[in-house]
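Next come the chains, spelled out residue by residue.
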Amino acid sequence: MEPRYPHCVNPKTKPSNFCPGCGYGIILKTLGEVIDELEIAPRTVFAVDIGCNLLAWNYYKLDTIQTHHGRVTPLSVGYKRANRESVTIGIAGDGGLYAIGLQSFLHAAHRDDPVTIIGVNNTIYAMTGGQLAPTSLYGQITDSSPEGKFTYEKPVLGPELAKDMAGPSAYLARASILNIPQMKQMLKSAIERQIGGHFSFVEIMSYCPTNWKTDAKQSIEALEKLEETFKLGVING
Amino acid sequence: MSVKKELLTGNDVVLKAALLAGAEYFAGYPITPSTEIMNGWAREAAKNPKLLFLQTEDETSAGMAVIGGLLAGKKTWTVTSGVGHILIQDPLVLAETLSLPFVMYVGQRGGPSTGTVIYSQQELNLARYGGNSEGLRVVYAPSNIQELFEITQKAFHTAWRYRLPTIILGDGYLTKTLSPVDTSRVLPQEPAEAIFLNKEVKNLRNCFSREDELAEHLNILFAKYASASRQIVESESYKTNDARVVIFAWGTVGFAAKVAVHNLRKENKRVGLFRPITMRPFDDRGAIKAVKNADKILIAESSGGQFGRIVRETLTQSTDAEYIRLYKPAEGITPEEIEAKIKEVY
């Protein structure tokens, strides 16, 4: 049986280059469904960061730009300001968004720039092989924290952090690939909020079997465990 | 054409020229000595809703926002200086690989680090080759306010015609000085076109999977650059035909050197000036021709030899002339100093 993709997905560039079992496929496919259902493809511009998401540069039949590490937010903001009729969606990982790109992310929220940013959180730098991220958990062993992360018990909670700087009309939420209907609804709400003229952000909890060194069952269990720290829900509606 | 003189600062001139060139969108971050240009744009944008303005959180973001504006087909630009110029190299290399008409005015200040806030010629290497590649950008160096007016317009023209990032490399002496400027000469505007949401879908990448893929992309970029360079390269040779001493200087120092040549010629000294107007591409042929009859070459610059290295590399096979150096990193150079230096040897 042929796989069924959303209309805005480019089947010619599939299968994609993501690792087997990667969460990005679920996220990108769901985002594609939302774009189809909202009928916004002709006015959508997609921006990817550097990190695993750079592989999505040709995922869609949508105008897409691959930016630099941490720079997806300012580029999206810059584009949107020049084309208010567009729907501008940027995607980045937790390293790109909360480390090197944090100030751009927070200031876009602060200016209430009408863009939609998607942050994929797997608590590590995955593209570079699994280093410590701002989202890594207390005690988490990574390639760059071989004895564990023991800086501060609380990892960076993106939507909660942004809430303090964001305008009251911003949409901030956290989803998980383990709950696809909720993720889809949040992506839809986020894009609608952008169209309504405000900043929107969805963090999506995802797994990385390659760097977590987990099989399918263990990946799901580990992600469920993460959701105890990174609580799903709308942080600012 | 009637002469229309106005009393303007260099900062006013950059702003006015950018507007005449069709600039529609400015994204930037404040830094001395270039801040007044951003302030001026903010005031213009407050009056005119067609002009877009974004003050970003840093220079990297400013440059990325410029790229966003260019993808939307707006003539977008920025200004920066010093350490901001370092940060903005990140988006600038993205503009290089995507062949985007990224226009930027740089007001050089002293370095390294925060240095001083008004003047130097130390950002030449950075402007020419500040990226992780071979400098696929155009760098213009105006030497006085009148030229600043014309070159700023021309920078937009060059950027959009050849789809190359284009830098106007000035300094705080140039932009904070108040002078009469003839603003009657307006260049025709180059058309702008949106890249995104215009005709076919475009997927733009800057990261390649294989060496041969990137090599193929680079070959195209280099060939385009070489062909555009022939049209873009510019220099001024002033009284070099019979000159025994040729001064090599650029930007503000180039103007001081021209005054020095003028004064020394009154004393019947055979002195000339070679002044590059584009620092990249560099007019090798013009430079070689200028030293045909020279037995001494004076290199004058407000850096520790960034320009001198270009000059010596360019002329290495073409002259046996003796080099005299007037290097004053991050300090101004007057015509009198240049004249005195020449009188030591001629």
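No experiment lies behind these values; they were computed from the predicted model shown.

Q: How should the nonpolar core be read in this particular structure?
A: A general trend in soluble globular proteins is that nonpolar side chains are found buried together. All names here are of chain B. If you look at the biggest cluster of nonpolar residues, it comprises 175 residues, and the most contacted ones within it are I67, F102, Y140, V246, I247, A257 and A300. Taken together, domain 1 (5-232) and domain 2 (236-345) each give at least three residues to this core, which thus spans both. Not counting chain neighbours up to four residues away, the residues in contact with V246 comprise T240, G272, F274, A290, V291, A294 and I297.

Q: Explain the environment of I88 of chain B to me, please; I cannot follow it from the model alone.
A: All names here are of chain B. Locating I88 in the fold gives a position in the loop between helix 4 (82-87) and helix 5 (89-97). Look at I88 and you get buried, because 31 C-beta atoms sit within 10 Å. Remark: the alpha-carbon pair of I88 and G63, spanning 25 residues in sequence, is separated by 5.8 Å.

Q: Where do I start with the packing of helix 1 (residues 24-38) of chain A against helix 6 (residues 180-195) of chain A in this structure?
A: Geometrically, a packed helix pair is captured by the angle between its two axes and the distance between the axes. All names here are of chain A. Packing of helix 1 against helix 6 brings their axes to within 9 Å, and their N-to-C directions diverge by 50 degrees. Comparing the axis directions of helix 1 and helix 6 gives the class oblique. The hand of the helix 1/helix 6 crossing is right-handed. The residues of helix 6 that touch helix 1, namely those facing I26, T30, L31, E33, V34 and L38, are I180, M183, K184, L187, K188 and I191.

Q: Quick question: what am I supposed to make of the domain arrangement of chain B here?
A: Where the parts come together, the accessible area they lose is often given as the size of the interface. All names here are of chain B. According to the domain assignment, chain B contains domain 1 (5-232) and domain 2 (236-345). In this assembly, 25 residues from domain 1 lie in contact with 21 residues from domain 2. Taken together, the residues that form the side of domain 1 that touches domain 2 break down as eleven nonpolar, eleven polar and three charged.

Q: Explain the sheet that holds strand 15 (residues 322-327) of chain B to me, please; I cannot follow it from the model alone.
A: Backbone hydrogen bonds hold the strands of a sheet together, and the pairing may be parallel or antiparallel. All names here are of chain B. In space, the five strands of this open sheet follow the order 10-12-11-14-15, with mixed pairing throughout. Taken across any chain shown, the strands that pair with only one partner, and hence form the sheet edges, are strand 10 (235-238) and strand 15. Neighbour-to-neighbour, the strand axes of this sheet turn through a mean angle of 15 degrees, independent of strand direction. Bridging between strand 11 (residues 245-248) and strand 12 (residues 271-276) involves four bridges; their strand directions are parallel. When the bridges of strand 12 are listed, V245 appears paired with V271. Sheet strands touched by helix 12 (residues 306-315): strand 11, strand 14 (296-301) and strand 15. Its angle to strand 14, the strand with the most contacts, is close to 150 degrees. The strands touched by helix 13 (residues 335-345) are strand 11, strand 12, strand 14 and strand 15; relative to strand 15, the strand with the most contacts, the crossing angle is about 150 degrees.

Q: It is not clear to me how the interface of chain A and chain B should be interpreted in this structure. Could you clarify?
A: Contact residues are listed per partner, giving 28 residues for chain A and 29 residues for chain B. For the side of chain A that touches chain B, the secondary-structure elements that each account for two or more residues are strand 2 (63-66), helix 2 (72-82) and helix 4 (102-111) of chain A. Here the side of chain A that touches chain B gets eight residues from one element, more than from any other, and that element is helix 2 of chain A. For the side of chain A that touches chain B, the per-class residue count stands at eleven nonpolar, twelve polar and five charged. As paired elements, strand 2 of chain A and strand 9 (residues 203-204) of chain B share two bridges and run parallel to each other. Bridged to T64 of chain A within strand 9 of chain B is N203 of chain B.

Q: Even after reading the chapter, I still don't get unusual backbone geometry, so can you show me in this structure?
A: Where the residue is not glycine, phi is negative for most of them; where a peptide bond is considered, it is trans in most cases. Cis geometry marks the peptide bond from K14 of chain A to P15 of chain A, where omega comes out at 0 degrees. Relative to the assigned elements, P15 of chain A resides in the segment before helix 1. In this model, G111 of chain B is joined to P112 of chain B through a cis peptide bond whose omega is 10 degrees. In this fold, P112 of chain B is placed in the loop between strand 5 (103-108) and helix 6 (124-129). One non-glycine residue, S99 of chain B, adopts positive backbone phi at about 50 degrees. Relative to the helices and strands, S99 of chain B resides in the loop between helix 5 and strand 5.

Scoring rules and cut-offs
- Residues numbered from 1 in each chain as written.
- Chains lettered and ligands numbered in written order.
- Predicted model: local features only at pLDDT ≥ 70, side-chain atom pairs only at ≥ 80, totals over all residues.
- Core = buried A, V, L, I, M, F, W, Y, C linked by C-beta atoms within 7 Å.
- Buried ≥ 20, exposed ≤ 12 C-beta atoms within 10 Å, placed from the backbone.
- Domains from an automatic or database assignment.
- Contact = placed C-beta atoms within 7 Å.
- Helix = DSSP H or I, 4+ residues; strand = E, 2+ residues; numbered from the N terminus.
- Axes fitted to C-alpha atoms, helices over the stretch in contact; angles between N-to-C directions.
- Parallel < 35°, antiparallel > 145°, perpendicular 65-115°, else oblique.
- Left-handed = near helix turned anticlockwise from the far one by under 90°.
- Nonpolar A, V, L, I, M, F, W, Y, C, P; charged D, E, K, R; others polar.
- Pairing = 2+ DSSP bridges.

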